[in-house]
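Each chain, written out:
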Amino acid sequence: MDIEKTLAALTLPEKAALVSGKNSWYTAKIDRLGLPALMMTDGPSGLRKQTTATNDLNQSVQAITYPSSALNASSWNTNLLRQLGEHLGIEARAEQVSLLLGPGVNLKRSPLGGRNFEYLSEDPLVAGKLGTAYVQGVQSQHVGVALKHFAANNRENQRFTASSDMSQRTLRELYLKTFEIIVKKALPATVMASYNRINGVLNSQNHYLLRDILRDEWGFHGAVMSDWGAVANHAAALSAGLDLEMPGKGQASIDEIVKAIETGELDEGTLNKSVRHLLHLIQDCQAAPQAKTYDHAAHHQFARKLADDSIVLLKNTQNELPLRPEKAGKLVVVGELAKHPRYQGAGSSHVNPTHLVTPLDALADSGLSATYYPGYRLDDDETDEQLADAALAAAKTADHVVVFAGYPAEEESEGFDKTDILLPENQTELIGRLAKINAHTTVVLQNGSVLEMPWIENVAAVVETYLAGEAVGEATWDILTGKVNPSGHLAETFPLQLADTPMAPTFGQDPHHEYYSEGIFMGYRYYDTHEMHVLFPFGHGLSYTTFEYTNLETQADAHGATITFDVTNTGQVAGKAVPQLYVANHASHAPMPTKELRAFTKLAVAPGETQAVTLHLNRQDFSWWRERKHRWQADTGDYEVMIGESSRDIRLQTKLTMNFENAPAPLSLESYLYRVIGDPRLKGLFQRIVITPLSQPDVPANFFSELDADGQPLAFHNRMFLNMPLRALIALGTPDKPIKTFIRQANQDR
């Protein structure tokens, strides 16, 4: 496609149609110019392709239901997340889908967040690295993604109107950082603006968010779309940097844009920018010419593999697990969730599975035999004494009890927040009674988010499966029997109780504002800094083997540091270690968490084997956002490097002294020309990007037309001219595009 030629051929109503969704799942098509409609579908954990015959969230084409993002993040495995993206991309191509609406990468600020099952982590690095791999995988199959929900969309109640109110440092270091990592490294096709406001400004109309940061600072070149129904004023949204309103209001959307152009409310040049972004999207993400098929069985097995790598062994007293057939003895399975499991979240990410395998279904192939008792009812949180008594009677004579527990589907969904983090009363009571009767009780959890465990001291083992997808049954028994050695690690902290969370007194209390008064002290940054007891710390995960960490060495220079150490499997079975590198900042005078995750990896280690690990830290890993200067700052001084298997299980640590040169502040439109000319690197870049194109014979006379004997503009010798900011050059007639390109390139090359 010749983008500029196509743009010139479009009529105003056609442009207005392109920036307005045709309906819930398609962009507009322009037949006379051969511009096809793009189909999009929800897809963080599997395709939810709607048929044209229904808008029921629970009615969609059959597709592989992969584990939820809450479980996938527990893998800490970027290779598997890329493979997940590739599988989803293959399925999207087969279904002629052009754009996958995901991944969701908002941080898990509060355990009450109704959409936490759909998000990856409380930490921006974990979410950023895993999200990057996912996006790269999907887009390797020529399917675009919609990175969502941009930004600070951390509660569901009043999500269309509530304002997320926070400091710029909090916004930059936490809630924008994940998006920044993915935008810069994975180049997503689109970014989806969220419903909420940030500091009072609606995100779909937030020029600072969509233009100043996303485009001008991060260099995003894709399209910006709205969440469904997030646009309050379409013309204002386009002016702020939105490109596509979804799902659109039909002819009304077209008419309002045409009218806005005619009245001067919206500049047609601004509209053209949005249309141009969408033309590139249409060109890059056209659907496959015909529907295809894919190997459903192989994709199901990958869903099982992903769950296997992600399930977290939280507790394992005296090696209660694994339940190997030769030692399991008489086994009793309790819980309706064993027969009717929670394996996915509710709302827009709901998938119609191709082949659901429940824990009871998979029991026969696990090598174990067991008797099953429902124990409780999912549709009622009151204890059914008949069901409970039958399970308790069986547990008295059992060698081992495995009880499946979790939330009913209606308790965890998009669209509303939770009110507590306790299991239903009948399940909590039953677990407590079972543990008193039988000391060999294992709890298998099926939940979308963290929960309180008042029974934790009395049970032998706890296995966290979150929402494990359609292979939930197979993967659960893989872990319980030791067919797979668990290697999942928590990507969020489990507090002892909801009241321990820093936002407990205020979360969701004000219908109009969500006050992020905890600032950067969220998640483990809060609990570890305040030395609070937690149920399970961030990064925690047990194995059926043990790992030893030795030989920590560091090497630093002006750009960062290289960290090396050894990991040895000191147990009897093969396993996967997840070394986590934390940095403590003792150099800066600003308030700092006691430690922050700055790198991680995952590696398979055979029994007795030692592997060398090398992790790299760059300048950004030592930086914090200095609000007064509106810039990232890395300070010279002492830092501490810690290697651990969780934020509380530190195995190695050492001091690291960094000597950072005083880096100049990043350039902006407020930067003065004398700074550009005084720096040889910036001067050369400015000459190439701005001056040379403007000094051509066919370009109208401007500030850079007249050159001295050395080929330098005479303007460079004019002190008054040098004392102008770059924005003044634009105001005086210099084209804005080369100036902004120069600023972006200069900052990227710092």
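Conventions used here
Residues numbered from 1 in each chain as written. Predicted model: local features only at pLDDT ≥ 70, side-chain atom pairs only at ≥ 80, totals over all residues. Heavy atoms only, no water. Helix = DSSP H or I, 4+ residues; strand = E, 2+ residues; numbered from the N terminus. Rg over C-alpha atoms; globule rule 2.2 N^0.38 Å. Buried < 20%, exposed > 50% of the residue type's maximum accessible area, 1.4 Å probe, protein only. Phe/Tyr/Trp six-rings, centres within 6.5 Å; stacked < 30°, edge-to-face > 60°. Lys NZ or Arg CZ within 6 Å of the ring centre and 35° of its normal. Core = buried A, V, L, I, M, F, W, Y, C linked by side-chain atoms within 4.5 Å. Pairing = 2+ DSSP bridges. Axes fitted to C-alpha atoms, helices over the stretch in contact; angles between N-to-C directions. Contact = heavy atoms within 4.5 Å. Domains from an automatic or database assignment. Salt bridge = Lys/Arg side-chain N within 4 Å of Asp/Glu carboxyl O.

S.K.: What's the story with the overall build of the protein chain in this structure? I'm lost.
M.R.: Looking only at helices and strands, the protein chain has 23 helices and 30 strands in total. Here the C-alpha radius of gyration of the protein chain, 28 Å, is about what a compact globule of 750 residues would show, namely 27 Å. Projecting the C-alpha coordinates of the protein chain onto the three principal axes gives extents of approximately 95 × 65 × 45 Å. Every one of the 750 residues in the protein chain was classed for burial, and the buried ones make up 60%.

S.K.: Would you mind showing me how to read the packing of aromatic side chains here?
M.R.: Within a pair of aromatic rings, the relevant descriptors are the distance that separates the centres and the angle that separates the planes. Taken as a whole, this structure holds 19 aromatic pairs when the rule is applied. Where Phe-160 meets Tyr-195, the ring centres are 4.0 Å apart and the plane angle is 40°; that geometry is what we call tilted. One end of the pair, Phe-160, is in the loop between strand E4 (144-150) and strand E5 (163-165); the other, Tyr-195, is in the loop between strand E6 (190-193) and strand E7 (197-198), and 35 residues separate them in sequence. Owing to a relative accessible area of 5%, Tyr-195 belongs among the buried residues under this scheme. An aromatic cluster of three or more residues is present, and its members are Trp-76, Tyr-524, Phe-538, Tyr-582 and Phe-600. The ring of Tyr-516 is capped by Arg-109, whose NZ or CZ atom sits 3.9 Å from the centre of that ring.

S.K.: Mind showing me how you'd approach the nonpolar core here?
M.R.: Side chains of a nonpolar character, in soluble globular proteins, are inclined to be buried together. Grouped together as the largest cluster of nonpolar side chains are 140 residues, with contacts concentrated most on Phe-150, Tyr-175, Leu-445, Met-453, Trp-455, Trp-477 and Leu-597. Within the second largest apolar cluster, 41 residues are counted, among which are Val-19, Ala-146, Met-192 and Trp-228.

S.K.: Before we go on, may I ask you to explain the sheet that holds strand E11 (residues 331-334) in this structure?
M.R.: Two orientations exist for strands paired in a sheet by backbone hydrogen bonds: parallel and antiparallel. Strand order in the open sheet formed by six strands is E10-E16-E15-E14-E11-E13, and the pairing between neighbours is mixed. In this open sheet, the two strands that pair with only one neighbour each are strand E10 (312-316) and strand E13 (370-373). Taking each pair of neighbouring strands and ignoring which way they run, the sheet shows an average axis angle of 15°. The strands touched by helix H16 (residues 425-437) within the sheet are E11, strand E14 (400-406) and strand E15 (441-446), with E14 carrying the most contacts at an inclination of about 165°.

S.K.: I tried to follow the domain arrangement of the protein chain on my own but got confused; where do I start?
M.R.: Domain boundaries in the protein chain define domain 1 (3-286), domain 2 (303-510 + 523-530), domain 3 (547-658) and domain 4 (673-749). Inter-centroid distance (C-alpha atoms) of domain 1 to domain 4 is 35 Å.

S.K.: Is there a simple way to explain the sheet that holds strand E9 (residues 223-226) in this structure?
M.R.: A sheet is described by the order of its strands in space; here five strands give the open sequence E1-E3-E4-E6-E9, paired in parallel fashion. Looking at strand neighbours, the two that pair on one side only are strand E1 (40-42) and E9, the edges of this open sheet. Across the sheet, the axes of successive neighbouring strands diverge by a mean angle of 30°, strand direction being ignored. As paired strands, E6 and E9 are joined by four bridges and run parallel to one another. Across the sheet, residue Met-192 finds its bridge partner in E9, namely Met-225. Strands in contact with helix H7 (residues 177-186) are E4 and E6; relative to E4, the strand with the most contacts, it is inclined by about 160°.

S.K.: Help me out: how do you make sense of the pattern of salt bridges in this one?
M.R.: Applying the stated criterion to the full structure yields 42 salt bridges. Between Lys-29 and Asp-31 there is a salt bridge; the shortest N-O distance is 4.0 Å. Given the relative accessible area of 60%, Asp-31 is considered exposed. Notably, a salt bridge pairs Asp-528 with Arg-648, separated by 2.5 Å at the nearest N-O pair. Separated by 120 residues along the polypeptide, Asp-528 in helix H18 (residues 524-529) and Arg-648 in the loop between strand E29 (637-644) and strand E30 (650-658) bring together distant segments of the chain. Judged by relative accessible area, Asp-528 falls into the buried class, the value being 8%. Overall, the relative accessible area of 36% leaves Arg-648 in the partly exposed class.

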